[in-house]
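Working through the structure, step by step
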Amino acid sequence: MVMAVMLLLSCERQPVSPDNDSGFIELGFNEIVIQTSNGRIASDLPSSLAILLSVDKSDGTPVYERYEVPLLKMGDNYISRPFAMIAGEYKLKEYLVVNDAKEVLLATPLKNSPLAYLVKTALPFDFKVKRGESIKLIPEVISTEKRKPEAFGYINVTFDEIETFDFLLSVFVYDRHDNSMILTDGNINITSEGDVLYDSTFVAGVNQITLPDGYENYTININKDNYVPYSQEIANDSLKLYFSSSDQGPLEIILDDGLVLWNKLGSEEEVLHSEYGPDLAFGDGIQKFVDGKFGGAIGIKKGNYHVGQRNRNVIFNNLKDYINTEAGTIEFYVKVNEVPVAFDHNPYRFFDGPFGLRSGVALFYYQNDDFDPAYLAFAVFFDNQPAEYINYHDFDKDGYLGKWVHIAGVWDRNGIQDSDETLRLYINGQQIASSKGHNWGTEEKYAADIASGNDHIGDRFYMDNLKVYSIARTEFSIDHE
């Protein structure tokens, strides 16, 4: 008997989160029985079955290699629980129905194989996963009883048994605003002894990953934009324990967002006791606290200042212990009350800058001389001159004066998130300037002069909620602390 099912791709809406860029796959088959002298009918199949499927992205990148999906028996039919896949275009390469002993009972033949003529669509074939939708993927299958692998287009090497094991993985990020762990998706690569054993995406949930057995150790590498790359080597026996609640359950990994400093700048207590990272210090005792974006904010009190006076407000010491010369991010909120004027109140050193403490990275508002317009600047030099600069001249023209705005400077010598841009300047989460230069130095500097400036600087601007990261970030929690 030859057994086959029709190919069906149907869609229905599924309740998914608007920010979840994935859809769902449901597997199963409606068995079509073809009578032969040695055939099988539906009742011959055991109640416990699973699908082994192999899937590539449309560009050939492997996604699943004989990934096992259990089937549920519903009357005479079999269905799977929907499982998530990132939205995109894929190619189904292999589709096998197996029993508990991993014996192949049914299979979809490959194109140009002796049995390919019996099915409407032989493998491989293309399918698409759409965001927020579920598809039923049901290829035609043929009984393997009394048939050799070659009849389906497989050679004996393909069917050689490879010892494998499964483990479960869940990846989290820490939400600092809600003080909670959140499941997330990303990319995973697993290697051992120089071999790439697994390279795919993972979903925000519990992921079942199948690996070849026999290696002593496995290195798990996790990558996600705006988070520090994760790498961990785990011994074979230890990794096998992360499979069920009777063992250790899923391997749980928490990604690091790269934060090295978070200071709210809202009071003397907050300045001297950072929310995260090293505490800051006061400079010349000129601090003033006002209503800020999130409670309090720091400014400079009015005083008997003189032209050329370098006024130190808040100091970030020992930068060499915290600043990454290769990549990083500085972000804060600022309310600028007046445009800086050379030789009167200039520059505004948000995070160091001209006449500062040589931090190696600086974000400031400056008028170079009486004849040049003021500009917002982001500079990275780290022991090298000239510095890599990006400037923005329209801060006042674009209506930012007198308003709380979010400003971020980002650098990455190797390119920000795989781009050719190495420096970027953001206002309210929107990129406004960039550079491709990368010739800054590698020596960490000394200290950063924060919320400071020169000349008659009192009440010219206020700052709130300073954060510094060791990686280049392009997503910011605008309107959150």
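Our structure's up above, just so we're on the same page.
Rules used in this analysis
- Every chain is numbered independently, its residues counted from 1 as its sequence is written.
- Only residues with pLDDT of at least 70 are given local features in this predicted model, and only at 80 or more are side-chain atom pairs given and counted; all residues enter the totals for whole chains, interfaces and linings.
- Derived side-chain values reflect all non-hydrogen atoms in the structure, with water molecules and hydrogen atoms excluded from consideration.
- A helix here means a DSSP run of H or I that spans at least four residues, while a strand means a run of E at least two residues long, and both kinds are numbered starting from the N terminus.
- This radius of gyration counts C-alpha atoms alone. The globule rule is 2.2 Å times how many residues there are, raised to the power 0.38.
- Residue exposure (1.4 Å probe, protein chains only): buried if accessible area is under 20% of the type maximum, exposed if over 50%, otherwise partly exposed.
- Side-chain atoms alone can form a polar contact between residues adjacent in sequence; in general such a contact is a pair of N or O atoms within 3.5 Å, and within protein one must be able to donate a hydrogen while the other accepts it.
- What makes two residues a contact is simply this: any of their non-hydrogen atoms within 4.5 Å.
- Just to be clear on terms, a salt bridge is a Lys or Arg side-chain nitrogen sitting within 4 Å of an Asp or Glu carboxyl oxygen.
- Strand pairing requires that DSSP identify at least two bridges connecting the strands.
- Aromatic pairing here means that ring centres of Phe, Tyr or Trp (its six-membered ring) are within 6.5 Å. Orientation follows from the plane angle: under 30 degrees is stacked, over 60 is edge-to-face, and everything else is tilted.
- Placement of a charge over a ring requires the Lys NZ or Arg CZ to be within 6 Å of the ring centre, with the centre-to-atom vector within 35 degrees of the ring normal.
- Only C-alpha atoms enter the line fits that serve as axes; for helices the fit covers just the stretch in contact. Angles between N-to-C directions range over 0 to 180 degrees.
- Exposure above 30% relative accessible area and the lack of any salt bridge qualify a residue for a patch; like charges then connect within 9 Å, and the nonpolar side chains Val, Leu, Ile, Met, Phe, Trp and Tyr within 5 Å.
- For every accessible area listed, the method is Shrake-Rupley and the probe measures 1.4 Å; residues are considered covered only by the protein chains on display.
- For the charge count, each Lys or Arg is scored as positive and each Asp or Glu as negative, with His and the chain ends excluded.
- Think of each charge as sitting on NZ of Lys, CZ of Arg, CG of Asp or CD of Glu.

In terms of regular secondary structure, the chain is built from three helices and 37 strands. Against the globule reference of 23 Å for 481 residues, the chain gives a C-alpha radius of gyration of 30 Å, more extended than a compact globule. By principal-axis analysis of the C-alpha atoms, the chain measures approximately 105 × 45 × 40 Å. Of all 481 residues assigned to the chain, the portion counted as buried reaches 50%.

Once that is clear, we can look at the side chain of T325. Tracing the sequence through the fold places T325 in the loop between strand 27 (314-316) and strand 28 (327-336). A polar atom in the side chain of T325 sits 3.4 Å from the side chain of E326. Contact partners of T325, with chain neighbours within four places excluded, come to F382, W411, R413, W440, G441, T442, E443 and E444.

Attention now moves to the environment of I300. Assignment of secondary structure puts I300 in strand 25 (residues 295-300). Taking relative accessible area as the criterion, I300 reaches 1% and is therefore assigned buried. Distance in space between the C-alpha atoms of I300 and K288 is 5.2 Å, their sequence separation being 12 residues. The residues contacting I300, other than those within four sequence positions of it, are I286, K288, Y305, N313, A451, S452, G453, I457, G458, D459 and F461.

Below, the discussion takes up the pattern of salt bridges. The final tally for this structure, using the stated rule, is 20 salt bridges. The shortest N-O distance in the salt bridge between K91 and D126 comes to 2.8 Å. Note that K91 is positioned in strand 9 (residues 88-98) and D126 in strand 11 (residues 125-129), a separation of 35 residues in sequence. For K91, a relative accessible area of 28% translates into the label partly exposed. A salt bridge links R349 to D449; the shortest N-O distance between them is 2.9 Å. Of this pair, R349 sits in strand 29 (residues 345-351) while D449 sits in strand 36 (residues 448-455), and the two are 100 residues apart along the sequence.

Glancing now at the pairing of strand 24 (residues 287-292). Judged from the six bridges that link them, strand 24 and strand 25 form a sheet pairing that is antiparallel. Considered in strand 25, the bridge of D291 is made with G296.

Evaluated as defined, the whole model comprises 20 aromatic pairs. Linked through ring pairs, F332, Y348, F350, Y365, F395, Y400 and F461 together constitute an aromatic cluster. The ring of W262 carries the charged tip of K467 above its face, separated from the ring centre by 4.6 Å. When the ring centre of Y469 is taken as reference, the NZ or CZ atom of R473 above it lies at 4.8 Å.

All right, on to the sheet that holds strand 16 (residues 186-192) then. Taken together, four strands build an open sheet; the order of strands is 17-16-19-20 and the sheet is antiparallel. Where the open sheet ends on each side, the last strands, each with one partner, are strand 17 (195-202) and strand 20 (230-235). Direction aside, the axes of adjacent strands within the sheet are offset by 20 degrees on average.

Here we come to a negative patch on the surface. Together, E193, D195, E216 and E233 give the surface a local cluster of negative charge. Along the chain, E216 falls in the loop between strand 18 (207-212) and strand 19 (217-223).

Time to look at a nonpolar patch on the surface. On the surface, a nonpolar cluster with roughly 250 Å² of combined accessible area is contributed by L72, M74 and I79. Within the secondary structure layout, I79 lies in strand 7 (residues 77-79). For I79, a relative accessible area of 31% gives the class partly exposed.

So, on to the pairing of strand 9. Direction of pairing for strand 5 (residues 49-57) relative to strand 9: antiparallel, over a ladder of eight bridges. Each residue of the ladder has a partner; that of L52, found in strand 9, is L96. Two strands pair when backbone bridges link them, and strand 9 and strand 11 are joined in this way by five bridges, in the antiparallel orientation. Paired with E89 across the bridge in strand 11 is K128. As paired elements, strand 9 and strand 10 (residues 104-107) share three bridges and run antiparallel to each other. Within strand 10, the residue paired with L96 across the bridge is A107. Where strand 9 hands over to strand 10, the hairpin turn is made up of five residues, of which K102 adopts a positive phi near 65 degrees.

This brings us to the side chain of N346. Tracing the backbone shows N346 in strand 29. Take N346: its relative accessible area is 6%, and that puts it in the buried class. Every residue in contact with N346, bar those within four places of it in the chain, is listed here: P340, V341, Y365, Y366, Q367, N454, D455 and I457.

Our next topic: unusual backbone geometry. Look at the link from L123 to P124: it is a cis peptide, with omega at 0 degrees. With phi around 65 degrees, F355 is a residue other than glycine that occupies positive phi space. Structurally, the position occupied by F355 is in the loop between strand 29 and strand 30 (361-366). With a phi close to 65 degrees, D459 is a non-glycine residue in the positive phi region. Tracing the sequence through the fold places D459 in the loop between strand 36 and strand 37 (461-469).

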